[in-house]
Amino acid sequence: MKKFNEIAEKRRAGVRLTSAEALYLYEEGDFFALGKLAAEINQKINGETVYYNINRHINPTNICVNQCRFCAYSKQKGEDGAYEQCVADIINEVKDAEDLGIREFHIVGGLHPDWPFEYYLELLQSLKKEHPDIVIKAFTAVEIDYFAKISGLNIPTVFKRLQAVGLQAMPGGGAEIFTPAIREQICPEKISGARWLEIMELAHQSAIPTNATMLYGHVESFADRLDHMEKLRSLQDKTGGFQVFIPLAFHATNTDIRKKGETSAIDDLKTLAIARLYLDNFQHIKAYWVMLGEKIAQLGLLFGVNDLDGTVVKERITHAAGAKSAAGLSEAYIRNAIISAGRKPVERDTFYNPVSGGQHG
Ligand code: V47
Ligand code: SF4
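The present account deals with the structure reproduced in this document. Please read these numbers as outputs of a predicted model, since none were measured by experiment.

Applying the stated criterion across every chain, the model contains 16 aromatic pairs. Relative to Tyr-352, the ring of Tyr-51 has its centre 5.7 Å away and its plane inclined at 90°; by these criteria the two rings are edge-to-face. Taken together, the residues span a long stretch of sequence, with Tyr-51 in strand S1 (residues 49-53) and Tyr-352 in the segment after strand S10 (344-347) at a distance of 301 residues. The exposure class assigned to Tyr-352 is buried, which follows from its relative accessible area of 9%. Note on Phe-242 and Phe-282: the rings are 5.5 Å apart at their centroids and 15° apart in plane angle, and the pair reads as stacked. Taken as a pair, Phe-242 in strand S7 (residues 242-249) and Phe-282 in the loop between helix H11 (265-278) and strand S8 (284-285) lie far apart in primary sequence, 40 residues in all. Residue class for Phe-282 comes out buried when judged on its relative accessible area of 1%. Clustering of aromatic rings is evident, with ring pairs tying together Trp-115, Phe-117, Tyr-119, Tyr-120, Phe-139 and Phe-147. The ring of Tyr-278 carries Arg-233 above its face, with NZ or CZ at 3.8 Å from the centroid. In this structure, Arg-348 packs its charged tip against the face of Tyr-352, placed 4.2 Å from the ring centre.

Two elements in contact, helix H6 (residues 141-151) and helix H7 (residues 155-164), have axes separated by 9 Å at closest approach and are oriented at 100°. In terms of axis orientation, H6 runs roughly perpendicular to H7. Every residue of H7 that contacts H6 at Ile-144, Asp-145, Phe-147, Ala-148 and Ser-151 is listed here: Ile-155, Val-158, Phe-159 and Leu-162. A per-class count over the contact of H6 with H7 returns seven nonpolar, one polar and one charged.

Before going further, it helps to spend a moment on the site of ligand 2. Lining the immediate environment of ligand 2, one finds Cys-64, Asn-66, Cys-68, Phe-70, Cys-71, Ser-74 and Lys-190. Counted by class, the shell around ligand 2 contains four nonpolar, two polar and one charged residues.

Strands sit in the order S2-S3-S4-S5 across an open sheet of four strands; the sheet is parallel. Strands with a single pairing partner mark the edges of an open sheet, and in this sheet they are strand S2 (55-58) and strand S5 (167-169). Ignoring strand direction, the axes of neighbouring strands in this sheet form an average angle of 40°. As defined by bridge partners, strand S3 (residues 104-107) adjoins strand S4 (residues 135-138) across four bridges and the pair is classed as parallel.

On to the sheet that holds S7. Reading across the sheet, the three strands line up as S6-S7-S8 and stay open at both edges, with parallel pairing between neighbours. Only two strands of the sheet have a single partner each, and these edge strands are strand S6 (210-216) and S8. Bridge count between S7 and S8: two bridges; the pairing is parallel. By the bridge assignment for S8, Phe-245 is matched with Ile-285. In the packing of helix H9 (residues 193-205) onto the sheet, the strands contacted are S6 and S7, and the crossing angle to S6 comes to about 160°.

Attention now moves to the side chain of Asn-281. If you trace the backbone, Asn-281 turns up in the loop between H11 and S8. Dropping the residues within four chain positions of it, Asn-281 is found in contact with Arg-16, Arg-233, Gln-236 and Asp-237.

Right, let's get into the pairing of S6. Burial analysis of S6 places seven of its seven residues in the buried class, the great majority of the element. Burial of S6 is two-sided: the residues Thr-210, Ala-212, Met-214 and Tyr-216 facing one way and the residues Asn-211, Thr-213 and Leu-215 facing the other way are all buried. Relative to S7, S6 runs parallel, the two being bridged by six bridges. When the sheet's bridge partners are listed, Met-214 is paired in S7 with Pro-247.

All told, the structure shown has 21 salt bridges when counted by the stated rule. The closest approach of N and O atoms between Lys-2 and Glu-6, which form a salt bridge, is 3.3 Å. Within this pair, Lys-2 and its partner Glu-6 are both found in helix H1 (residues 2-12), separated by four residues, close to a single helical turn. The exposure class assigned to Lys-2 is exposed, which follows from its relative accessible area of 64%.

Analysis parameters
- Residues numbered from 1 in each chain as written.
- Chains lettered and ligands numbered in written order.
- Predicted model: local features only at pLDDT ≥ 70, side-chain atom pairs only at ≥ 80, totals over all residues.
- Heavy atoms only, no water.
- Phe/Tyr/Trp six-rings, centres within 6.5 Å; stacked < 30°, edge-to-face > 60°.
- Helix = DSSP H or I, 4+ residues; strand = E, 2+ residues; numbered from the N terminus.
- Buried < 20%, exposed > 50% of the residue type's maximum accessible area, 1.4 Å probe, protein only.
- Lys NZ or Arg CZ within 6 Å of the ring centre and 35° of its normal.
- Axes fitted to C-alpha atoms, helices over the stretch in contact; angles between N-to-C directions.
- Parallel < 35°, antiparallel > 145°, perpendicular 65-115°, else oblique.
- Contact = heavy atoms within 4.5 Å.
- Nonpolar A, V, L, I, M, F, W, Y, C, P; charged D, E, K, R; others polar.
- Near = heavy atom within 4 Å.
- Pairing = 2+ DSSP bridges.
- Salt bridge = Lys/Arg side-chain N within 4 Å of Asp/Glu carboxyl O.

Here is the structure:
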């Protein structure tokens, strides 16, 4: 406990933790003491507020040229279960968005072998035309890299074209684990970790705020997780463009990664707490209830978390991999989860501005 107390004092004094110290917290840190410390640090940064967002996921296709071994969502063209939505289908699917109080479209999908870059431009343009007040948070760095390849444009130009038709922010997917040897095992076709970071840096330079994720609980070690977080922390020092860190708990069902069971609740909560302590330049830490389950996500509020993501509506990616959480949650459910943890629910927009307005049920 002596070493834990030394690390805690250091963190309380605002001194940055080293990766070795964070590794110690993973391997030997007392579970409850770790949670309490992370909650205390979060309280200093964010007070009692816990954010949530009324959003809707849009996944235009699950057909993907990559075959990430952890992905149960993607299909090959022509395979059973493969789907693609044309722009009109999507516009029709989300036509009641304003009535439902939706403030954000979260758009990610597979890397389709035939669609041109123009499909994505048309999608954003049509969504913006129909729903001018709903923020578009779209496309992972992996998709942006793919758009550059299929269009022959460079990354800043891809961003410019997307921004011109409504792109306002980017989600944090595709980061997985940056360590090359792990990436080689779990997603050999995917862009490298270095490329993911480079594209995020360019996004920040183009005034596009982004999120950051880490997929954990597969074949990586604690040291790999800390290497990942260290790289995010360094880029954040440079650009300040990351809004939130979201650890994503691996789900093994229907994937090519043979692993018994899912991540443990202990690992999930420790990871959230260590992220809160280590990522001192990230204001927000999100417990993504879709992957953690609603109850562990709620417990995350006692382990340094200040964001519970959103209502989501029709989540497909994690459910293809066996997630038992709901496909979407009502606003009332999310607010109750926050209130019964003794915290204050605040609806936010994509950029973490509190929004006023009624409860949408
Ligand atoms: O990049 C894929 C992950 C990500 C599995 O930025 C899996 O606000 C667990 O990034 N088990 C996409 N995870 C989702 C994502 C996301 C989600 C919610 C909010 C935000 C945000 C971003 O999902 C992928 C990959 O890391 N994933 N398969 C699986 N079997
Ligand atoms: Fe394709 Fe993304 Fe699935 Fe990888 S994680 S196979 S890039 S949809």
